[in-house]
Amino acid sequence: MCETPGCKSPAKLQCPTCIKIGIQGSFFCSQECFKSNWKTHKIIHSLAKGESSEGKNSAYNPWPSYTYTGKLRPYPQSSKRQVPANITRPDYGDHPSGIPISEQAVKGTAQIKVLDDEEIEGMRVACKLGREVLDEAGRVCDVGVTTDEIDRIVHEACLERNCYPSPLNYYEFPKSCCTSVNEVICHGIPDQRPLEDGDLCNVDVTVYHNGFHGDLNETFFVGNVGEQHKKLVQVTYECLSKAIDIVKPGEKYREIGNVIQKHAQANGFSVVRSYCGHGIHRLFHTAPNVPHYAKNKAIGVMKQGHCFTIEPMISEGTWRDEQWPDRWTAVTADGLWSAQFEQTLLVTDTGCDILTRRRNHNGQPHFLDKM
């Protein structure tokens, strides 16, 4: 679609300068649209060449008519990273529209797959590798580092482990992980904005290895984080931990949301309702649907061999969300900050195994290293 504001025509012409310096996208429907948008568009070139300043970035706004809910703004993105042909990829990896055909085939069904021993082992390996990749991202998540650099680290860590980065091209998502900063709830697209002192940065990693997906995320402290935001992150992690504690055969999936909302509200926070946990195995997202809010109508009872994620998104203010015009970045409707944690779980005969658990520091998340 044409990038000129207000023009929704199909676009095939691409900016030649963007092609030359490796900027993704920049499509226009005609020379007239390209010329009329040139004054705004050329700012991208300066930013990509490292000529940006605070003043210049304030002029970079790909959606001039959009009213942002908070202080965060988009920065230019680098070009799409490539995956060598020898690495096995999911069906959407090479699909021109990123459609996961295998997921679409079972969409709408509530049947939850029980994994056999071979599938369980496949999930254990994929989740272990996913944890290794997220830990690599955590090492570089610091002041001055761009989220695009975090994406590069994640991408290369995936390739080193013979994994495909599951987010890449999933419904045309342009990057190898999600980086959600401050008021971004989830699905933030890595770009060239340097992380700032006091930021919160969630990194969501999923790897695809030998036919199985391993999915997890953590919210990281960037530099010196304020006490209110430290509390937000702490409570969000506690919400996840309390939810994991009830996972066992016979438990209803809808109970997870009751546990999470009770703890979040007791601490003065809200639970995002638009995004849920999900089943995962050979499919990236499938049954069951796992809402994180109370009094939900989730279908299903946990059984040994079920594999799914819990990934509560907890906000300082309202639970309501909006979406940036990039069709991915979900932000709080009031611009206040949000945090998230995610683990992939396997239901066992007596409880559950946290397949994506951190392998050192007694399994605690990275932010606790700084508390």
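Residues numbered from 1 in each chain as written. Predicted model: local features only at pLDDT ≥ 70, side-chain atom pairs only at ≥ 80, totals over all residues. Heavy atoms only, no water.

Points about the environment of Ala-298
Link 1 in the chain: Residue placement: Ala-298 occurs in the loop between strand S10 (286-290) and strand S11 (307-310).
Link 2 in the chain: Residues Ala-298 and Glu-32, 266 residues apart in the sequence, show an inter-C-alpha distance of 50 Å.
Link 3 in the chain: Residues within four places of Ala-298 in sequence aside, it is in contact with Tyr-253, Arg-254, Asn-289 and Pro-291. (Helix = DSSP H or I, 4+ residues; strand = E, 2+ residues; numbered from the N terminus. Contact = heavy atoms within 4.5 Å.)

Considering the confidence of the model for the protein chain
Link 1 in the chain: A residue-level look at the protein chain finds 92% of positions with pLDDT of 70 or above and a mean pLDDT of 93.
Link 2 in the chain: Here residues 52-56 scores under 50 on pLDDT; set against residues more than four positions off or in separate chains, the count is four contacts. (pLDDT = per-residue confidence, 0-100.)

So, the environment of Asp-353
Link 1 in the chain: Turning to its location among the elements, Asp-353 is positioned in strand S17 (residues 352-354).
Link 2 in the chain: The spatial distance from the C-alpha of Asp-353 to the C-alpha of Thr-69 is 38 Å, given a sequence separation of 284 residues.
Link 3 in the chain: Apart from the residues lying within four places of it in its own chain, the contact partners of Asp-353 are Arg-124, Thr-344, Leu-345, Leu-346 and Thr-348.
Link 4 in the chain: Here Arg-124 takes part through its side chain, which lies 2.8 Å from a polar atom of the side chain of Asp-353. (Polar contact = N/O pair within 3.5 Å; in protein donor to acceptor, adjacent residues only side chain to side chain.)

Focus on the sheet that holds strand S15 (residues 338-340)
Link 1 in the chain: Strand order in the open sheet formed by three strands is S8-S12-S15, and the pairing between neighbours is antiparallel. Lying at the two open borders of the sheet, with one neighbouring strand each, are strand S8 (270-271) and S15.
Link 2 in the chain: Both strand S12 (residues 313-315) and S15 contribute to a ladder of three bridges, which runs antiparallel. Within S15, the residue paired with Ser-315 across the bridge is Ser-338.
Link 3 in the chain: Sitting on the sheet, helix H8 (residues 227-245) touches S12 and S15, and the angle it makes with S15 is about 40 degrees. (Pairing = 2+ DSSP bridges. Axes fitted to C-alpha atoms, helices over the stretch in contact; angles between N-to-C directions.)

Quick look at the sheet that holds strand S14 (residues 330-332)
Each strand in a sheet pairs with another by means of backbone hydrogen bonds, the pair being arranged parallel or else antiparallel.
Link 1 in the chain: If you trace the three strands from one edge of the open sheet to the other, you get S5-S14-S13, paired in antiparallel fashion. Pairing within the sheet leaves two strands with one partner each, and these edge strands are strand S5 (184-186) and strand S13 (321-323). Averaged over all adjacent pairs, the angle separating strand axes in this sheet is 45 degrees, with direction ignored.

A word on the packing of aromatic side chains
Link 1 in the chain: Counting across every chain of the model gives 14 aromatic pairs.
Link 2 in the chain: When the ring of Trp-63 is compared with that of Tyr-66, the centres are 6.5 Å apart and the planes differ by 85 degrees; the resulting orientation is edge-to-face.
Link 3 in the chain: Ring centres of Tyr-68 and Trp-324 lie 5.6 Å apart, and the angle between their planes is 90 degrees; on these two criteria the pair is classed as edge-to-face. A residue pair is termed long-range when its members are at least 10 positions apart, and Tyr-68 in the loop between helix H4 (54-59) and helix H5 (101-106) and Trp-324 in the loop between S13 and S14 qualify at 256 residues.
Link 4 in the chain: Tyr-68 gets classed as buried once you look at its relative accessible area, which sits at 12%.
Link 5 in the chain: Among the aromatic residues, those joined into a cluster by ring pairs are Trp-63, Tyr-66, Tyr-68 and Trp-324.
Link 6 in the chain: A cation over an aromatic ring shows up here: Arg-273 above the ring of Tyr-293, its NZ or CZ 4.1 Å from the ring centre. (Phe/Tyr/Trp six-rings, centres within 6.5 Å; stacked < 30°, edge-to-face > 60°. Buried < 20%, exposed > 50% of the residue type's maximum accessible area, 1.4 Å probe, protein only. Lys NZ or Arg CZ within 6 Å of the ring centre and 35° of its normal.)

A short note on the pattern of salt bridges
Link 1 in the chain: With the rule as written, the count across this model stands at 21 salt bridges.
Link 2 in the chain: Arg-193 is the salt-bridge partner of Glu-196, the closest N and O atoms lying 3.7 Å from each other.
Link 3 in the chain: Residue Arg-193 is classed as buried on the basis of its relative accessible area of 9%.
Link 4 in the chain: Through salt bridges with shared partners, a single ionic network connects Lys-128, Glu-132, Glu-136, Arg-139, Glu-160 and Arg-161. (Salt bridge = Lys/Arg side-chain N within 4 Å of Asp/Glu carboxyl O.)

Considerations on unusual backbone geometry
Link 1 in the chain: For the peptide bond that leads from Ala-287 to Pro-288, omega is 5 degrees, which places it in the cis range.
Link 2 in the chain: By secondary structure assignment, the location of Pro-288 is in strand S10.
Link 3 in the chain: Positive phi is not limited to glycine here, since Tyr-171 has a value of about 50 degrees.
Link 4 in the chain: On the secondary structure map, Tyr-171 appears in the loop between strand S3 (164-165) and strand S4 (178-181).
Link 5 in the chain: Of note, the phi angle at Asn-182 is positive, near 60 degrees, even though the residue is not glycine.
Link 6 in the chain: On the secondary structure map, Asn-182 appears in the loop between S4 and S5.
Link 7 in the chain: Overall, the relative accessible area of 6% leaves Asn-182 in the buried class.

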